There are 2 protein chains.
Amino acid sequence: MSTAIELVTTQTVTIDHELRLESGRLLGPLTIAYETYGELNAQGDNAILVTHAWTGDAHAAGRHHEDDRKPGWWDNLIGPGKVLDTDKYQVICSNVIGSCKGSTGPTSINPATGRPYRLNFPIVMVRDMVRAQKLLMDEIGVTKLVTVIGGSMGAMQALEWGVVYPDFVRSIIPIAGTGRTSPMAISLNALARQAIYNDPLWKKGNYKPEHPPMSGFALARSVGHISFLSEESMALKFGRRFSARDGLFDLFGQFEVERYLEYNGNSFPSRFDCNSFLYLAKSLDLFDVARETGSLEDGLEPLACPSLWFAFSSDWLYRPEQTEEVVEALRQLDKPVEYHLIESDYGHDSFLVEPEKFTPHVAQFLGRLEG
Amino acid sequence: MSTAIELVTTQTVTIDHELRLESGRLLGPLTIAYETYGELNAQGDNAILVTHAWTGDAHAAGRHHEDDRKPGWWDNLIGPGKVLDTDKYQVICSNVIGSCKGSTGPTSINPATGRPYRLNFPIVMVRDMVRAQKLLMDEIGVTKLVTVIGGSMGAMQALEWGVVYPDFVRSIIPIAGTGRTSPMAISLNALARQAIYNDPLWKKGNYKPEHPPMSGFALARSVGHISFLSEESMALKFGRRFSARDGLFDLFGQFEVERYLEYNGNSFPSRFDCNSFLYLAKSLDLFDVARETGSLEDGLEPLACPSLWFAFSSDWLYRPEQTEEVVEALRQLDKPVEYHLIESDYGHDSFLVEPEKFTPHVAQFLGRLEG
C-alpha cells in the first residue's frame, strides 16, 4: 500500500464574480489556485480544506515533479492512511487571495487598467479570503467540509469558516491561532513593513519584479522568521556559536544565528512578492473575529460546529493565552470545544516542525466526527 | 527634610592611560563622564556605583537645570532617604566607554589621526567598560564599592565587577540580567544592525553627525523598543486601537501601537549616535561571563561577594530563566545569593518603570550588608 501522493499539479479556476470585500470594494473576476488530493464523493461532502499561513501556497502535499527535493508543506499530514486520509477524504488546499502564488493578488492584472494592481489592490481581510474559498468550493462541487484545518493565518481562516459558513463546515481545527492579533504581533509586522518602506528600491510598490527591494524585503522576512522561532529552538540549533569565518572582535563579525537569518532572508525575495507580503501582513494585523461585534463571545456566537484547538508552549507570537482566550469564550457559549497545549520547543513554527505532536488528537477528533 | 537631589552636573575626567582591551587593542587616553550624588567619606568606602543600560548615560538622578522636565533616569532610587541613600552613600554613575554620552566612544577624536574614530573604534566588551570604571574609581578616590547596581547591560557590568574586582566590591545587584546573551537577543540586535546597514545614509559609519541614517536608525531603535516592552504592557497601553486619523482599509493605516513606535523611533537619532548604538549592541551580544572559561560555574568562581538578583515575569528579552541559570550556578558554588522573580507587566523595561517592586529588597539587602 502506497502512503505517498502521486504527482500533483496546482490548478487554477477563474470565477467570473465580483466579490464584495469587507472594505466595500469589489474584487473580480477571481483566479484561485488550488490543489486536491483524493477523490470527492458523489455527494461532495467528504472534503477537508487545508488553509495556509502568511507566505504559504496551495502546494500542501505530494510533489510536482519526481525530482522535487521537497514535497508540499504539510505532506506529513496528507496522503493515503495519513491523518488527513486521502483514501477517505478529498483534501483541498487553495492559495489565498492577496497572495502571489497563483490566486488574485497585487501582482495580478487589474482588469480596469490592464496593468498589475500593485498598491491599487484592495485590503483583503481573512474573512474575504474565506469567502473566495467558498466560491471555489461551489465551483468544484464541494457541498460540505468535514473540517477546515490550518496553522497561524490558516487558523484564522478556519475560525472564520466556522463563523461565516456555520452550515457548510462540520468542524474546524485552528492551530497556533488567535481570535484577534495582538499588539505585539502587529508591532513586529510594523517593523517588517518599515524595513521595506525604507528600501529605495521599493518605489512605493512600483519596483520591477526583477528588481525587488532585496535588502529591505530580506530584513522584513528576518523579522518574521525570528517571531516564528523561539528562544529554545535558537538555543538548540545555534547556541552562542560564532561564525568560524568571522573575527570575534570585528563589528561585522556574526554569530551563526545571524548568518542563518541573513541567508534565509536573502533567499526570500526570489520566492515571494514584496507587495503581497505587505498586503497579507495587513490581513494578519486586521484580523479580529469580533471586529464588528466588539466582544469575543458575540463574534463567536454564530459558530455551530465542534472545534479543536492547539497552541504551542514556546510560541511567543500567538501565545497559548491567545488561543485560550478564544477557547474560554467558546466554553462560555457552551460550544463543543477541545483544546490541547502542546509542549514544543519550536515556537510558532511548531505546527510545521512537529506535527506528530498534535496529529493523534486530530485523528481521534475526525474519528469521533465520523461517529 | 529634602528628599530631592540638588542640581547636578555631569563631570568628565580624562585618564592618561591606555587600557588594554579584551581584544588586545589599546584605547586611551580615556575620557569618562560621570555624576556623583552624596559625599564620599574619608576612607572612600561608602560609594555605590550605578551602571546604565545600552542607551543610558551618567545622568541617573537629579536635574541639570531647574526647568528640566524630567530628572535622571533612576531618580526614584537615588537621593536623601531613598533606597540608594545619598545621606549615607556617595552614589556614582558613569557613562560607559563606547557610548556617545561624554565618555570615549566612536564619536571621540582618535588621537592617532586627529579625526573621529567612527568604525575604527575598537570593540569594547562589558568587561572593558568595567575596567574603565575602575580607573575612574581610582581617580576620584573610591577605595571600595558598597555595591554595583544596574539593569540590563547595567546588570552585566555589575556581574563583571564582582568577577573581575572581587576585592573591591562588597556586593552586586544585577537586575534583568543574564550570564550570557541569548541567541534570541543577538538575533534582535542583528535586525537592528541590518536596518542601519540598509540605510544609504549610514555610509559605512561615515555619515555626517547632522545627517545620520534617520530611517534605518529609527527602525533599529524600534526593534529594541519592542524587545523592552511586553505583550501585556502593549495590550494595556494600546490594545488594538486603530489610529483615529487613519483608514482601517488603507495599507498605510496604523494601529496606535505602530504610531507610538514610529514616533519614538524617529525621535531617537537626535539623541544618540548611530555608531555608538552599533558598538554597544555588539558589546551586549558578546557578553558571556564564561567566555574564557566555558562553563558558567568556572566563569563565576572568582565572585566573592553576596549578590542580589532580580528578574521580571514579563521580560522576554532577558527572560527570568536566564537570571535563574546564573543564580543556580552561584548556588552550586555555595556563593551567597538572593533572587527575586518580580511580577511585572512591563517587560524588560520593568527595572525603569516599576522600581518600587524591587527596591524594598534592595533596602533590606543593603541593611544586612551594613550589619
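As shown above, the structure is provided for reference.
Conventions and cut-offs
- Residues numbered from 1 in each chain as written.
- Chains lettered and ligands numbered in written order.
- Predicted model: local features only at pLDDT ≥ 70, side-chain atom pairs only at ≥ 80, totals over all residues.
- Heavy atoms only, no water.
- Patch = residues over 30% accessible without salt bridge, like charges linked within 9 Å, V, L, I, M, F, W, Y side chains within 5 Å.
- Areas by Shrake-Rupley, 256 points an atom, 1.4 Å probe, with all protein chains shown as cover.
- Salt bridge = Lys/Arg side-chain N within 4 Å of Asp/Glu carboxyl O.
- Helix = DSSP H or I, 4+ residues; strand = E, 2+ residues; numbered from the N terminus.
- Buried < 20%, exposed > 50% of the residue type's maximum accessible area, 1.4 Å probe, protein only.
- Phe/Tyr/Trp six-rings, centres within 6.5 Å; stacked < 30°, edge-to-face > 60°.
- Lys NZ or Arg CZ within 6 Å of the ring centre and 35° of its normal.
- Least-squares fit on C-alpha atoms with pLDDT ≥ 70 in both.
- Contact = heavy atoms within 4.5 Å.
- Buried area = accessible area lost by both parts, 1.4 Å probe.
- Polar contact = N/O pair within 3.5 Å; in protein donor to acceptor, adjacent residues only side chain to side chain.
- Expected span 1.5 Å × (residues − 1).
- Arc of directions from axis to C-beta.

## Looking at a nonpolar patch on the surface
Residue and element names in this part refer to chain A. On the surface, a cluster of nonpolar side chains totalling about 330 Å² of accessible area is made up of Leu236, Tyr346, Leu352 and Val353. Mapped onto the secondary structure, Leu236 falls in helix α5 (residues 231–237). Leu236 gets classed as exposed once you look at its relative accessible area, which sits at 57%.

## What about the packing of aromatic side chains?
Residues and elements named next belong to chain A. Summed over the entire model, instances satisfying the criterion amount to 41 aromatic pairs over all chains. Between Trp74 and Phe351, the aromatic rings sit 6.3 Å apart at their centres with planes inclined by 85°, giving edge-to-face as the arrangement. Placement of Trp74 in the loop between β5 (47–51) and β6 (78–79) and of Phe351 in helix α10 (residues 350–353) is noted, with a sequence separation of 277 residues between them. Through successive ring pairs, a cluster of aromatic residues spans Trp54, Phe217, Phe228, Phe268, Phe272 and Phe277. Positioned over the ring face of Phe268 is Arg221, at 4.2 Å from the centre of the ring.

## Quick word on the relation of the copies chain A and chain B
The operation relating chain A to chain B is a screw motion whose rotation component is 180°, with 0.0 Å of axial translation and a residual RMSD of 0.0 Å. In the structure described here, the two chain copies are related by an operation that fits a two-fold rotation axis. The rotation axis passes nearest to the C-alpha of Ala195(A) in chain A, at a distance of 3.4 Å. A share of 100% of the interface residues of chain A reappears at the interface of chain B, consistent with the copies meeting face to face through the same patch.

## Here we look at the interface of chain A and chain B
Facing 59 residues of chain A, the contacting portion of chain B comprises 59 residues. Regarding the contact of chain A and chain B, the summed buried area is about 4800 Å², with carbon and sulfur atoms giving 69% of it. The tally of links between chain A and chain B comes to eight salt bridges. Glu232(B) is the salt-bridge partner of Arg319(A), the closest N and O atoms lying 3.6 Å from each other. For the pair chain A and chain B, the interface holds 18 residue pairs in polar contact (both at pLDDT 80 or more).

## What about helix α11 (residues 359–370) of chain A?
All names here are of chain A. The terminal C-alpha atoms of α11, which comprises 12 residues, lie 17 Å apart, in line with the 16 Å expected from a rise of 1.5 Å per residue. Among all positions in α11, only Thr359, Val362, Phe365, Leu366 and Leu369 are buried. Each buried residue of α11 lies within a common arc of 115° when the element is viewed along its axis, so the set occupies one face. Each element contacted by the buried residues of α11 is listed here: β5, β7 (84–85), β11 (145–151), β12 (172–175), β13 (307–312) and β14 (337–342). Note on α11: the residue one or two positions beyond its end, Gly371, has a positive phi of about 80°.

These values are about where atoms sit, not about what they do.
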